[in-house]
Amino acid sequence: MAAENLTKTDERFMAAAIRLGRRHLARTGTNPSVSTLLVKDLGHGPVIVGSGITDIGGRPHAEAAALAEAGEHAKGATAYVTLEPCAHHGRTPPCAVSLVNAGITRLVSALTDPDERVSGKGYNILREAGITVLVGCLEDEARTVLGSYLNRSMTKRAQATLKLAVSADGMIGDRKIRQLMITQEQARHQSHILRAEHDAIIVGVDTAIIDNPTLTCRLPGLESRSPVRIVLDTGARLGVDGALVHTIDQAPLYVATAYPQSDNAKALADHGAKIMACDIHDGRIALPELMEDLAAIGITRALVEGGGQVARSFLRDDLVENICLFESDVEVGKSGIASPVTSGDLPDGFVIKRRAIFGPDRYFEIGKN
Ligand code: AOF
Ligand code: ZN
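A short tour of the structure in this document, coming up. Values in this document were obtained by computation on a predicted structure and should not be read as measured data. (Residues numbered from 1 in each chain as written. Chains lettered and ligands numbered in written order. Predicted model: local features only at pLDDT ≥ 70, side-chain atom pairs only at ≥ 80, totals over all residues.)

A few words on the sheet that holds strand 17 (residues 350-358). The strands making up a sheet are joined through hydrogen bonds of the backbone, oriented either antiparallel or parallel. Ordered by their spatial adjacency, nine strands build an open sheet running 11-10-9-8-14-6-15-18-17, and the pairing between neighbours is mixed. The open sheet terminates on both sides in strands that have one partner only, identified here as strand 11 (274-277) and strand 17. With direction set aside, neighbouring strand axes in the sheet form an average angle of 25°. Pairing analysis gives four bridges linking strand 6 (residues 159-166) to strand 14 (residues 301-306), with the strands arranged parallel. Counted as the bridge partner of threonine 161 is leucine 303 from strand 14. (Pairing = 2+ DSSP bridges. Helix = DSSP H or I, 4+ residues; strand = E, 2+ residues; numbered from the N terminus. Axes fitted to C-alpha atoms, helices over the stretch in contact; angles between N-to-C directions.)

Looking now at the site of ligand 1. Every one of the 17 residues lining ligand 1 counts as a neighbour, but Val34, His61, Cys86, Gly90 and Asp115 are closest to it. In terms of residue class, the shell around ligand 1 is made up of eight nonpolar, five polar and four charged. (Near = placed C-beta within 6 Å. Nonpolar A, V, L, I, M, F, W, Y, C, P; charged D, E, K, R; others polar.)

One finds Val231, Val255 and Ala256 to be the most contacted residues of the largest nonpolar core, which totals 59 residues. Leaving out residues up to four positions away in the same chain, alanine 256 has contacts with Ile230, Val231, Leu232, Asp233, Met276, Cys278, Ile285 and Leu290. With 45 residues, the next largest nonpolar core counts Leu20, Ala110, Ala142 and Tyr149 among its residues. (Core = buried A, V, L, I, M, F, W, Y, C linked by C-beta atoms within 7 Å. Buried ≥ 20, exposed ≤ 12 C-beta atoms within 10 Å, placed from the backbone. Contact = placed C-beta atoms within 7 Å.)

Turning our attention to the sheet that holds strand 1 (residues 35-41). Ordered in space as 2-1-3-4-5, the five strands form an open sheet in which the pairing is mixed. What marks the edges here is a single partner per strand, and that holds for strand 2 (46-53) and strand 5 (132-135). Across this sheet, the average inter-strand angle for adjacent strands is 20°, counted without regard to direction. Here five bridges tie strand 3 (residues 78-83) to strand 4 (residues 106-111), and the two strands are oriented parallel to one another. Bridging across to strand 4, tyrosine 80 finds its partner in valine 108. Lying on the sheet, helix 1 (residues 8-22) is in contact with strand 1, strand 2, strand 3 and strand 4; it crosses strand 1 at an angle near 145°.

Here is the structure:
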């Protein structure tokens, strides 16, 4: 028998599964936000009989939720999974075994799980039970949700997303005007959604002092999804009077510094900030080591929001997984602060993956080639 191929219908359901998985980004702890659709032809073409996402906190897994919803309908269904079903025993049996027991006949997967307890073993359990297993369906699209988990598994480092709002003349700010508004309301809403989809948000100490931001997620309904806020503060210059410290009950504040014993750092700790003792590299916080420390405390996705020097350092150290670039028609002029990236001038190895429009502003999702 010829090997079965992926169909357009498979891609349509996988695309829907991938969109579903976005919902729990940054809400599943160190577990990836995986999604599953169970699809079956009940007489009028294929329909979804069960759907699931990895639950908040990381358990139950997506497959378990989808199987519970489908009940008897799981028998004879095709399972669309964004990540290989697990093969290890946790608090529940392995998902691969649950799918076999439920009687699915076909599994379509986007990505193989690099976790050594799983990698390939999940597929083997299904194949040995006579189930057709097809791997690699919309792999690139699935990486937009699971890429940081995959990269963290490989590098043992948290992954950075650079967020930049750039003017028509390629500037991210103005030396003369504090808190210059480059993009409009819709783009700013979108950037709050980005905050909600990340475990942490990182800024340099100059941004923290000059802009005095809160860095919380303030979209109605998403207020509880503010990421951990991290300030790169080599010399421990951050004071206790700013908005970051004042909002410490809304989201944790971490200060990464080379001077954890300084009076400033101690005062911040007294106000509830967590002080991270960091190495210095070329006069600044050593970022590769910091991203390792962040992975070790359970952070996978870190949104880097400012400023230009911080963005350049992350790019130089090859720690950037994605760039979310907003571009407006505003002109800043000669006193502008140049952006390290524009849509016409991408860093080596990066390409535009997706474009969108938010009100008058353009949006580019840029990832590794
Ligand atoms: C799945 N479905 O929805 C997810 C999976 O700590 P545990 O037992 O929950 O295992 C975590 C591992 O499970 C994680 O590293 C990854 O390999 C896998 N995630 N697997 O079958 C899911 N989220
Ligand atoms: Zn599982």
